[in-house]
Amino acid sequence: MPAARISRRRAIQALGGLGLGAMGLLNGGCTFTKGTPPITDVGLDKKPAPGRKTNIEVYSVWGGTVGAGMVKLAALFEKAQPDIGVRVVYAPAGMGGGAVQQKLFTAIAGDNPPDVGQLVPAQAPQWVELGIMTDLTDRYRAAGLGKDDFFAPIWDGIQYKDRVWQMQWDADPNFPFFWNKQLFEDSGLDPDKPPRTLDEVDEYSAKILKKSGANVTKIGMIPWDSYGYSNSLFTWGFGFGAEFYDQEREEVTPDHEYSVKALEWIVKYARSVGGADRVTVTPPGLQLHPFSTGNIGMSPLVAPNYRDIKTNVKDMKIGATLLPFEPPGAKAPGAGAWIGGWGMFIPATARHKDEAWEFMRWAGATDEGTKAQWDTIGFPPGYRKASVLSEIRDDPVMAPFYDVLTTATNIRPPVPVADFYFTQLDEQISNAVLGLSTPLQALRTVKKNVMGEWDRFRKEVQA
Amino acid sequence: MTATSAPSTRAGTRSSTRRSARTPQQRRNFFWGLVFTSPAIIGLLWFTAYPVLVSLYYSFTSATMMKPAEWLGLGNYESLGSDSAFWNSLGNTLYYIVVSVPLGIAVALFLAILLNLNVRGQSIYRVIFYLPAIVPLVASAVVWLYVFNPQYGVLNTVLGWFGITGPGWLASPEWAMPALIIFSTWGAGNLMIILLAGLQDVPQDLHDQAKVDGAGVFRRFRHVSLPFLSPHLLFALVTGLIAGFQFFTPVFVLTNGTGGPAGKTLVSGLYLYQNAFQFFKVGYASAIAWVLFIIVGLGTALVFRLVGRRVYYGGA
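Computed from a predicted structure; not experimentally measured.

1. Description of the overall build of chain B
Part 1 of the argument: Helix and strand counts for chain B come out as 14 helices and zero strands.
Part 2 of the argument: In chain B, the succession of α and β elements from N to C terminus is α-α-α-α-α-α-α-α-α-α-α-α-α-α.
Part 3 of the argument: In terms of C-alpha radius of gyration, chain B reaches 26 Å, well past the compact-globule figure of 20 Å for 316 residues.
Part 4 of the argument: If you line up chain B on its principal axes, its C-alpha atoms span 90 × 70 × 35 Å.
Part 5 of the argument: Counting only residues that meet the buried cut, chain B has 42% of its 316 residues in that class.
Part 6 of the argument: Long-range pairs, those at least 24 residues apart, make up 66% of the contacts in chain B between residues at least 6 apart in sequence.
Part 7 of the argument: Accessible area of chain B: about 17,200 Å², with a carbon and sulfur share of 68%.

2. What about the packing of aromatic side chains?
Part 1 of the argument: A full pass over the atoms with the stated rule returns 51 aromatic pairs over all chains.
Part 2 of the argument: Centroid distance Phe 105 of chain A to Phe 280 of chain B: 4.8 Å. Interplanar angle 55 degrees. Geometry classified as tilted. Taken together, the residues Phe 105 of chain A in helix H3 (residues 102-109) and Phe 280 of chain B in the loop between helix H13 (268-278) and helix H14 (282-307) connect one chain to another.
Part 3 of the argument: With 5.0 Å between their ring centres and 70 degrees between their planes, Phe 420 of chain A and Phe 279 of chain B make a pair best called edge-to-face. Within this pair, whereas Phe 420 of chain A is found in helix H16 (residues 418-433), its partner Phe 279 of chain B is found in the loop between H13 and H14, the two belonging to separate chains.
Part 4 of the argument: Judged by relative accessible area, which is 13%, Phe 420 of chain A ranks as buried.
Part 5 of the argument: Joined through ring pairs, the aromatic side chains of Phe 177, Trp 224, Trp 236, Phe 240, Trp 265 and Tyr 269 of chain A make up one cluster.
Part 6 of the argument: Lying over the aromatic face of Phe 30 of chain B, Arg 22 of chain B brings its terminal NZ or CZ to 5.9 Å of the ring centre.
Part 7 of the argument: Here Lys 281 of chain B stacks its cationic end above the ring of Tyr 284 of chain B, 4.7 Å away from the centre of that ring.

3. What to know about the nonpolar core
Part 1 of the argument: Among the nonpolar cores identified, the biggest contains 148 residues, and Tyr 140, Ile 219 and Trp 224 of chain A are the most heavily contacted of them.
Part 2 of the argument: Among the elements that take part in this core, helix H10 (residues 257-272) of chain A stands out by supplying nine residues, more than any other.
Part 3 of the argument: Discounting residues that sit within four places of it in the chain, Trp 224 of chain A has contacts with Ile 219, Tyr 229, Ser 232, Ile 266, Tyr 269, Ala 270, Val 273, Ala 276, Val 279 and Val 433 of chain A.
Part 4 of the argument: Within the second largest apolar cluster, 57 residues are counted, among which are Phe 86, Leu 90, Phe 148 and Val 251 of chain B.

4. Digging into the pairing of strand E7 (residues 177-180) of chain A
All names here are of chain A.
Part 1 of the argument: Alternating positions in E7 separate into two faces, Phe 177 and Trp 179 on one and Phe 178 and Asn 180 on the other, with burial throughout.
Part 2 of the argument: Note: E7 against strand E12 (residues 298-300), three bridges, orientation antiparallel. Note on E12: the bridge partner recorded for Phe 177 is Pro 300.

5. With respect to the pattern of salt bridges
Oppositely charged side chains are able to pair whenever their charged atoms sit close together.
Part 1 of the argument: Considering all chains together, one arrives at 21 salt bridges over all chains under this definition.
Part 2 of the argument: Residue Lys 385 of chain A is joined to Asp 149 of chain A by a salt bridge in which the shortest nitrogen-to-oxygen separation is 2.6 Å. Placement of Lys 385 of chain A in the loop between helix H13 (367-376) and helix H14 (388-394) and of Asp 149 of chain A in the loop between helix H5 (137-142) and helix H6 (152-158) is noted, with a sequence separation of 236 residues between them.
Part 3 of the argument: Here Lys 281 of chain B and Glu 453 of chain A are joined by a salt bridge, their closest N and O atoms 3.2 Å apart.

6. Observations concerning the packing of helix H2 (residues 64-80) of chain A against H13 of chain A
A pair of packed helices is characterised by two quantities: the angle between their axes and the separation of those axes.
Residue and element names in this part refer to chain A.
Part 1 of the argument: One can describe the packing of H2 onto H13 by two numbers: an axis separation of 9 Å at closest approach and a directional angle of 150 degrees. For the pair H2 and H13, the crossing hand works out as right-handed. Here Gly 69, Lys 72, Leu 73, Leu 76 and Ala 80 of H2 come into contact with H13, specifically with Glu 368, Gly 369, Ala 372, Gln 373 and Thr 376.
Part 2 of the argument: Here the contact of H2 with H13 is composed, by residue class, of four nonpolar, four polar and two charged.

7. What about the confidence of the model for chain A?
Part 1 of the argument: Mean pLDDT over chain A stands at 89; residues scoring 70 or higher make up 89%.
Part 2 of the argument: This model gives residues 1-6 of chain A a pLDDT under 50, and the stretch forms one contact once residues within four places in sequence are excluded.

8. As for a nonpolar patch on the surface
All names here are of chain B.
Part 1 of the argument: Residues Phe 30, Leu 34, Ile 41 and Leu 45 make up a contiguous nonpolar surface patch of about 390 Å² in total accessible area.
Part 2 of the argument: With respect to the helices and strands, Phe 30 occurs in helix H2 (residues 24-58).
Part 3 of the argument: Among the residues examined, Phe 30 registers a relative accessible area of 54% and is labelled exposed.

9. Digging into the packing of helix H9 (residues 189-200) of chain B against helix H11 (residues 217-245) of chain B
Residue and element names in this part refer to chain B.
Part 1 of the argument: Orientation of H9 relative to H11, taken along the N-to-C sense of each, is 150 degrees, at an axis distance of 9 Å. Classed by the angle they form, the pair H9 and H11 counts as roughly antiparallel. Regarding H9 and H11, the two cross each other, and that crossing is right-handed. Facing H9, whose interface residues are Leu 191, Ile 194, Leu 195, Gly 198 and Leu 199, H11 presents Ser 225, Leu 229, His 232, Leu 233, Phe 235 and Ala 236.
Part 2 of the argument: Residue composition of the contact of H9 with H11, grouped by class: eight nonpolar, three polar and no charged.

10. Regarding the sheet that holds strand E13 (residues 318-321) of chain A
All names here are of chain A.
Part 1 of the argument: Spatially, three strands are ordered E12-E7-E13 in an open sheet, and the strand pairing comes out antiparallel. Of all strands in the sheet, those with a lone pairing partner are E12 and E13, marking the two edges. For this sheet, the mean angle separating the axes of adjacent strands, direction not counted, is 25 degrees.
Part 2 of the argument: Pairing geometry for E7 and E13, over four bridges, is antiparallel. Bridging across to E13, Trp 179 finds its partner in Gly 319.

11. What to know about the pairing of strand E14 (residues 338-345) of chain A
All names here are of chain A.
Part 1 of the argument: Within E14, eight of the eight residues are buried, leaving the element largely enclosed by the surrounding structure.
Part 2 of the argument: Burial of E14 is two-sided: the residues Trp 338, Gly 340, Trp 342 and Met 344 facing one way and the residues Ile 339, Gly 341, Gly 343 and Phe 345 facing the other way are all buried.
Part 3 of the argument: Across three bridges, the pairing between strand E3 (residues 117-119) and E14 is antiparallel. Among the inter-strand pairings, Gln 118 is bridged to a residue of E14, identified as Met 344.
Part 4 of the argument: Where strand E6 (residues 167-174) and E14 come together, seven bridges link them in antiparallel fashion. Directly across from Met 167, in E14, lies its bridge partner Met 344.

12. Observations regarding the sheet that holds E14 of chain A
All names here are of chain A.
Part 1 of the argument: Taken together, three strands build an open sheet; the order of strands is E3-E14-E6 and the sheet is antiparallel. Every interior strand has two partners, whereas the edge strands, E3 and E6, have only one. For this sheet, the mean angle separating the axes of adjacent strands, direction not counted, is 20 degrees.

13. Focus on the side chain of Thr 197 of chain A
Part 1 of the argument: Topologically, Thr 197 of chain A is positioned in the loop between helix H7 (181-186) and helix H8 (198-208).
Part 2 of the argument: If sequence neighbours within four positions are ignored, Thr 197 of chain A has contacts with Pro 324, Phe 325, Glu 326 and Pro 327 of chain A.

14. Things to note about unusual backbone geometry
Part 1 of the argument: Along the chain, Asn 174 of chain A connects to Phe 175 of chain A via a cis peptide bond; the corresponding omega equals 5 degrees.
Part 2 of the argument: Here Phe 175 of chain A lies in the loop between E6 and E7.
Part 3 of the argument: In this model, Gly 260 of chain B is joined to Pro 261 of chain B through a cis peptide bond whose omega is 0 degrees.
Part 4 of the argument: Take Pro 261 of chain B: it is sitting in the loop between helix H12 (249-254) and H13.
Part 5 of the argument: The phi dihedral of Trp 169 of chain B is positive, around 45 degrees, even though this residue is not glycine.
Part 6 of the argument: With a relative accessible area of 5%, Trp 169 of chain B lands in the buried category.
Part 7 of the argument: Positive phi, close to 55 degrees, is recorded for Asn 256 of chain B, a residue that is not glycine.
Part 8 of the argument: Along the chain, Asn 256 of chain B turns up in the loop between H12 and H13.

Analysis parameters
- Residues numbered from 1 in each chain as written.
- Chains lettered and ligands numbered in written order.
- Predicted model: local features only at pLDDT ≥ 70, side-chain atom pairs only at ≥ 80, totals over all residues.
- Heavy atoms only, no water.
- Helix = DSSP H or I, 4+ residues; strand = E, 2+ residues; numbered from the N terminus.
- Rg over C-alpha atoms; globule rule 2.2 N^0.38 Å.
- Buried < 20%, exposed > 50% of the residue type's maximum accessible area, 1.4 Å probe, protein only.
- Contact = heavy atoms within 4.5 Å.
- Areas by Shrake-Rupley, 256 points an atom, 1.4 Å probe, with all protein chains shown as cover.
- Phe/Tyr/Trp six-rings, centres within 6.5 Å; stacked < 30°, edge-to-face > 60°.
- Lys NZ or Arg CZ within 6 Å of the ring centre and 35° of its normal.
- Core = buried A, V, L, I, M, F, W, Y, C linked by side-chain atoms within 4.5 Å.
- Pairing = 2+ DSSP bridges.
- Salt bridge = Lys/Arg side-chain N within 4 Å of Asp/Glu carboxyl O.
- Axes fitted to C-alpha atoms, helices over the stretch in contact; angles between N-to-C directions.
- Left-handed = near helix turned anticlockwise from the far one by under 90°.
- Nonpolar A, V, L, I, M, F, W, Y, C, P; charged D, E, K, R; others polar.
- pLDDT = per-residue confidence, 0-100.
- Patch = residues over 30% accessible without salt bridge, like charges linked within 9 Å, V, L, I, M, F, W, Y side chains within 5 Å.
- Parallel < 35°, antiparallel > 145°, perpendicular 65-115°, else oblique.

Now the structure itself:
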């Protein structure tokens, strides 16, 4: 009996110990590092300043420092004028790229919309067709704002059917191209000579690649993970010279000759390292981009990721240049760059449209507002005449992004089923990269499904 | 008195007796009972019954939330039949259920048996094993992102000790769903508590008698404990089946809402969500919800038919 009791106890203790051990490993084995945003006492919501003639409600989709920045921006707007108070409500956007905004949609459907909402510019056509957005064309005209006041891709993106629907206050320059000089040197490459073409990327990658068994521990680049599958294809597709929609024919063109070539290149790259699921260069924490590990030779980066790496991995020597390209479809480095970001819009059923417009115009298309936005949130403005642009140009971290902002010509395809299009690309590119279909099959499937959905949507909104 | 008139007379007598039996105080109590429960009743009708009925109506329309809906009849249901993504999501959901429900029950039962042993510090072990069940799903899913990290994660580190090169887990089309199943099994604490309660209800004298008859540990478990546990196991099976069709939060967090890689973790709940909130196809999403409801209903009925008769309710 005693022997049996000891063995039971040992069994249960061993299991409990295993559980505790696992918890210990969870805490000790994974480093919750670096990159932790500074603690701020500014929340993500804000009440309007007291005593204003009108109060507007602004939905903010961000947590962390960007969300706190939106609150500070609203407070600066209140300081800039005496009449309008701003309530900021945190209404997070879910899923990659912030495509889904349940709180916003249910508020609009329930006839309790905010006065200002946020959107990814490519979403506008669908939202316009669904009657969600207010036409801002006359307000732009009355304010003297036109094509020359914005960077070309921004102006393209805020229009739909020759009307203007949003104020793009954040122009996200996607992407400059960064390389790890130390890893280049360690791999026998010239640390001051980045690749100009994708052929050179392949050549450099072969020298950087290192594996441990089947797993890849050092890699030249991860071309299928430039911020998700669809964004990867946009970036490298533009870099090959692809177009992703035909405005005249109202047709998506994921199977464009150069788009297929771009995906073939991505798939070939994945195969050359032994498979996409064998790449194990992820960082120990979630806050920093994998490039921070020093195990990736080259990568496109968004500004917040680059800033975090520069702040937290101070000894990392990073070079910055324009994205490599692939002739003959593309003509020069940087051809793959596109402008993402966020716009503000006024819901069609909003109560205080005039005041909402004042806030949007101030934040997105005035010297004072764009400077305030840069100081509080820190995103580059889409307003070409903003004086703060010279500050961004001279900022050591932001300079590569300024170069992209002023030279990029592409935007993601603003079609009425954009989210469906991007989701289809995500799924089908994933299939191709994992060897479950060929690039051509994958992209033809995207075209078929998206055109089917577009037809269905067209019938639905015309009904 | 005719044969036909007798029942109605009896019914009338019963009814008048019931009415007269209710005193003014009882009627007042009944009224105030209704008043005090009315917030719950109204809440249930307004926030549960009404949305359920509206979703049934929407499933026959082109509802988008943003524009007036157009009547489509069975159009959405017909579209579902030829929607490969829907069938893929259903297949993924069934894969998840078929593996995770029995595995979850087995793990919970194993832990319950261990915790039923007479050892010192039992309550501490109970807390340890139950802890994962009370951690919010989103928080634990984020923690498991670290666990599944192919290079630094605990899982691959432990596998490495045995010379096994772990997979890319959430990046691998073969291993992404097993990863989700492992995550779900980690939260078996709730079920463990129920099964533990069941084990403690087994009369000790039956065990003693079986022991006298020469039954060993396994025979006693098989012929004494297990019959007493069968209602609990049936409960676990049915609720596991229902929860499996509602599986959403972990896959949403762990795959960033994509259902990837290559659609291998796109479960029905996530596909429904994408249609409703990403593609503005609320009518279509409602049709998916009702198809899932019917499948769950049929599945539950099947479980009761196949297993229900074998359940032992302690001589009841």
